[in-house]
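# A look at the structure
If you want the building blocks of each chain, they are given just below.
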Amino acid sequence: MVVQSSSTRVWTAADERARDVEQQMTDDERFSLLVSVMGTNHVVVERDARIPEGTSMSAGYVPGVPRLGVPAQQSSDASLGITNPGYREGDTATALPAAIALGASFNPALAREAGAMLGREARSRGFNIQLAGGVNLARDPRNGRNFEYLSEDPLVSAALAAESINGIQSQGVISTIKHYSLNCNETNRHWLDAVIDPAAHRESDLLAFEIAIERSQPGSVMTGYNKINGDYAGGNGVLMQDVLKDTWGYPGWVMSDWGGTPGWEAALKGLDQESGLQLDVMMWKQVWFTDKLRAAYAEGKLPKERLSDMVRRMLRSMFAVGVDSWGPAPEVDMAAHHQISLETARQGIVLLKNDGALPLATDTTASIAVIGGHAQVGVATGCGSSAVLPPGGYAEVIKIGGPGVMGVGRNLFLMPSSPVVELKKLLPHAQVEFDPGQSPAEAALMARRSDIAIVFGIKVESEGFDSPDLSLPWGQDAVIEAVAAANPNTIVVLETGNAISMPWRDKVKAIVEAWYPGQAGGQAIAEVLAGTVNPSGRLPVTFPADLSQTPRPDLPGLGSAWGTATTINYDEGAEVGYRWMARTGAKPLFAFGYGLSYTSFTHGDFRATGGETVTATVTVTNNGARAGADVPQLYLMQAAGDNRMRLLGFERVELSPGESRSVTLTADPRLLARYDGQAGNWHIAGGTYHVALGRAADDLESTAAVTLNEQRFGR
Ligand code: BGC
């Protein structure tokens, strides 16, 4: 119920109740809500006294105030399944594919389903906060956490993150949105200053946050570890106070990342909660929001109104999402959840190349050499706080290791869904053999005597690490080269969390990007290879030909020792990914939005209108022989004389053979505008706007010119 409104903020019944409850609190109770403590794990060995015996371990625990009906906060990671470093030891949960695979589905409805699954599994374990909603843009293909993020585009990222958050919160579990903002590289992330033009920031990463927050009202925003324009995210007044709270009217609370509170003064800059305080002890040798903040309060440096505001923000999110009024835990149907993971993997797989090698016929009697990638065991996944232990456990864990605090958790975690086993099921008459791909010469032996060779290329990405380059590790590029030289029918399947370079691209017949496909990934890969599933994923990130095409061929600080201060100038501003390619005229290896199908689609009757915004319609027809899904994409190409590429709209359309559907795409006006930092609003220059409909950012088929009215709007 809306009880009062102002220009930037809608006051709800949850606000009223939060105010009422907060007023009844003692200062001790207020302060008790301002820090979260970690459960035990490999970093934290002692149970914090604030966590009652018998409470399941969580990423963050905050005591409740039972006398006022305020439950304890128990938070869990993250977007790919229920997990956290302590909890993972004791239980398993449905492991979804990487978020970048969900991004590749271009399917917000699927994101919602997966989010609701996360909400149910979180709630059934007593977790009422899900540390999900990773929406940072994939600016750099070396970033070790891109697999946890959705895409390089603000609209795709926002649309999918919002539905994932809506799904989680539909189950009465608060979701975060994170990591606010520009946590786009992992290299020395605690000492990284991400420098960007503030207006360009509004048109890119912040726009993803802005749209996602509008569409889903996440209960909390988690800050990043890095600095932005000189100030740590967790102490950044421009981002937390000016932009998030004052300009966007965000009513929820801001929590730091774990160990990401730079000082008690962060409370004056908009930070409401210090998270994972044991990591602050490790990072800063301090806990800030306990004694230090209390001292500041006693000295009048932290105003009483601000203390109340911090607490009210938390309470209003708890009441708005309903974590205080849980009934019995929902029934969790793990078989149904497995299907959601499988469906996400299917829709996320991108067919990058197909010179007629795929699909394999299900009745084939061919001899097939499956090579490398531990495909006889399972599928790869990423590492860090988001890594999920699937039901039954990992098929295998191979230690990788590395420097720094994240090195200990860097492993090749193999999910228990073996592509070899699944292929044998789907191709019962084929002779499927496996070679580990440990040497090019050995792999070539089997490839040479087989009708078809399927080589797996895997690359483990991890929180805490950036890749030095875009190659496949462990000599796999050489194995693929040798197999392709030995067998003309070579198919490559990739399990990676990022774009990779493909020196062998022209020598193989087909390339399939499966990302980290989760606990049902082997099945989804086999289905796409066999053709029982028609691939429909589209690249949510650009695959550059090489790093020289990216804004930063050399990554500042790469390889420097832990603790080295690093500055990354994000000089590309809002021209991220395909926008950068359009700006520079470079031809990528595979473009954003690209992906093949086993059927074909035509786009007809393209029409666009202008005025306040751009609205376009197109008729999509499946003119092939199989059911399949297309993703028509509407791009801005030129805005009143300014060459500027922006994805304005997209829709995933499932069509039977011969079926047609009319699709209408309407642009969010902010995608047509520039952010005017001086005036503090969005500006659409009046004039002619050129838009194009395409299958990918480099494959545009119909264009139209529309006239837009001059407008200023928003803040
Ligand atoms: C990560 C967060 C995560 C938190 C709690 C941090 O290392 O950056 O994304 O939610 O740990 O596990």
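Because the structure is predicted, anything quoted here is derived from the model rather than measured.

So, on to the pattern of salt bridges. The final tally for this structure, using the stated rule, is 50 salt bridges. Measuring nitrogen to oxygen at the nearest pair gives 3.9 Å for the salt bridge that ties Lys-353 to Asp-355. Of the charged contacts in the structure, one is a salt bridge between Glu-433 and Arg-449, with a shortest N-O distance of 2.6 Å. Taken together, the residues Glu-433 in strand S16 (residues 431-435) and Arg-449 in the loop between helix H14 (440-448) and strand S17 (452-458) connect sequence positions 16 residues apart.

So, on to the site of the ligand. For the ligand, the full set of nearby residues is Asp-77, Leu-131, Arg-145, Lys-178, His-179, Arg-189, Met-222, Tyr-225, Asp-257, Trp-258, Ser-385 and Glu-463. The contact in question runs from an oxygen atom of the ligand to an N or O atom on the side chain of Arg-145, over 2.7 Å. Coverage of the ligand by the protein chains reaches 94% of its 310 Å² of free accessible surface. Tallied by class, residues from the shell around the ligand come to four nonpolar, two polar and six charged.

This next bit is on the sheet that holds strand S18 (residues 490-495). As summarised here, the arrangement of the six strands in space is S12-S19-S18-S17-S13-S16, forming an open sheet in which the pairing is mixed. The two strands at the open ends of the sheet, each matched to only one other strand, are strand S12 (350-354) and S16. Ignoring which end each strand starts from, the neighbouring axes of this sheet average 15 degrees apart. As paired elements, strand S13 (residues 367-371) and S16 share five bridges and run parallel to each other.

Glancing now at the packing of helix H13 (residues 419-426) against helix H16 (residues 521-530). With their axes 8 Å apart at the nearest point, H13 and H16 run at an angle of 45 degrees to one another. Taken together, the axes of H13 and H16 lie oblique to each other. The crossing of H13 and H16 is right-handed. Contacts from Pro-419, Glu-422, Leu-423 and Leu-426 in H13 reach Gly-522, Gln-523, Ile-525, Ala-526, Glu-527, Leu-529 and Ala-530 in H16. Here the contact of H13 with H16 is built from residues that sort into seven nonpolar, two polar and two charged.

All right, on to the confidence of the model for the protein chain then. When pLDDT is averaged along the protein chain, the result is 96, and 98% of the positions lie at 70 or above. Every residue in residues 1-7 scores below 50 in pLDDT, and together they form 13 contacts with partners more than four places removed in sequence or on other chains.

Glancing now at the side chain of Thr-247. When you line up the elements, Thr-247 lands in helix H8 (residues 237-247). Residue Thr-247 is classed as buried on the basis of its relative accessible area of 19%. A distance of 2.6 Å separates the side chain of Thr-247 from the backbone oxygen of Asp-242, its partner in a polar contact.

Moving on to H13. Every buried residue of H13 is listed here: Pro-419, Val-420, Glu-422 and Leu-423. For H13, the arc enclosing every buried residue in end-on projection is 165 degrees, short of the 170-degree limit, so these residues lie on one face. Buried residues along H13 sit against S13, S16, S17, S18 and H16. Its side-chain oxygen 3.2 Å from the backbone nitrogen of Val-420, Ser-418 forms the N-cap of H13.

This paragraph deals with unusual backbone geometry. Of the consecutive residues Asp-77 and Ala-78, the connecting peptide bond is found in the cis state with omega at -25 degrees. Along the chain, Ala-78 falls in the loop between strand S4 (73-76) and helix H3 (99-105). For the peptide bond that leads from Tyr-180 to Ser-181, omega is -5 degrees, which places it in the cis range. Turning to its location among the elements, Ser-181 is positioned in the loop between strand S6 (174-180) and strand S7 (192-195). Residue Asp-605 is not a glycine yet carries a positive backbone phi of 55 degrees. Tracing the chain through its elements places Asp-605 in strand S21 (residues 601-609).

Next up on the list: the packing of aromatic side chains. Within the structure shown, the criterion is met by 14 aromatic pairs. Pairing Tyr-578 with Tyr-635 gives two aromatic rings, centres 5.7 Å apart and planes at 75 degrees, and the pair type is edge-to-face. Placement of Tyr-578 in helix H17 (residues 578-584) and of Tyr-635 in strand S24 (residues 633-639) is noted, with a sequence separation of 57 residues between them. Accessibility classification places Tyr-578 together with Tyr-635 in one group, the buried group. Through a chain of ring-to-ring contacts, three or more aromatic side chains come together here, namely Phe-106, Tyr-578, Phe-592, Tyr-635 and Phe-650. One Lys or Arg, Arg-202, reaches over the ring of Tyr-675 and ends 4.2 Å from the middle of that ring. Note that Arg-505 overlies the ring of Phe-590, its terminal NZ or CZ placed 4.9 Å from the centroid.

Conventions and cut-offs
- Residues numbered from 1 in each chain as written.
- Predicted model: local features only at pLDDT ≥ 70, side-chain atom pairs only at ≥ 80, totals over all residues.
- Heavy atoms only, no water.
- Salt bridge = Lys/Arg side-chain N within 4 Å of Asp/Glu carboxyl O.
- Helix = DSSP H or I, 4+ residues; strand = E, 2+ residues; numbered from the N terminus.
- Near = heavy atom within 4 Å.
- Polar contact = N/O pair within 3.5 Å; in protein donor to acceptor, adjacent residues only side chain to side chain.
- Areas by Shrake-Rupley, 256 points an atom, 1.4 Å probe, with all protein chains shown as cover.
- Nonpolar A, V, L, I, M, F, W, Y, C, P; charged D, E, K, R; others polar.
- Pairing = 2+ DSSP bridges.
- Axes fitted to C-alpha atoms, helices over the stretch in contact; angles between N-to-C directions.
- Parallel < 35°, antiparallel > 145°, perpendicular 65-115°, else oblique.
- Left-handed = near helix turned anticlockwise from the far one by under 90°.
- Contact = heavy atoms within 4.5 Å.
- pLDDT = per-residue confidence, 0-100.
- Buried < 20%, exposed > 50% of the residue type's maximum accessible area, 1.4 Å probe, protein only.
- Arc of directions from axis to C-beta.
- Phe/Tyr/Trp six-rings, centres within 6.5 Å; stacked < 30°, edge-to-face > 60°.
- Lys NZ or Arg CZ within 6 Å of the ring centre and 35° of its normal.

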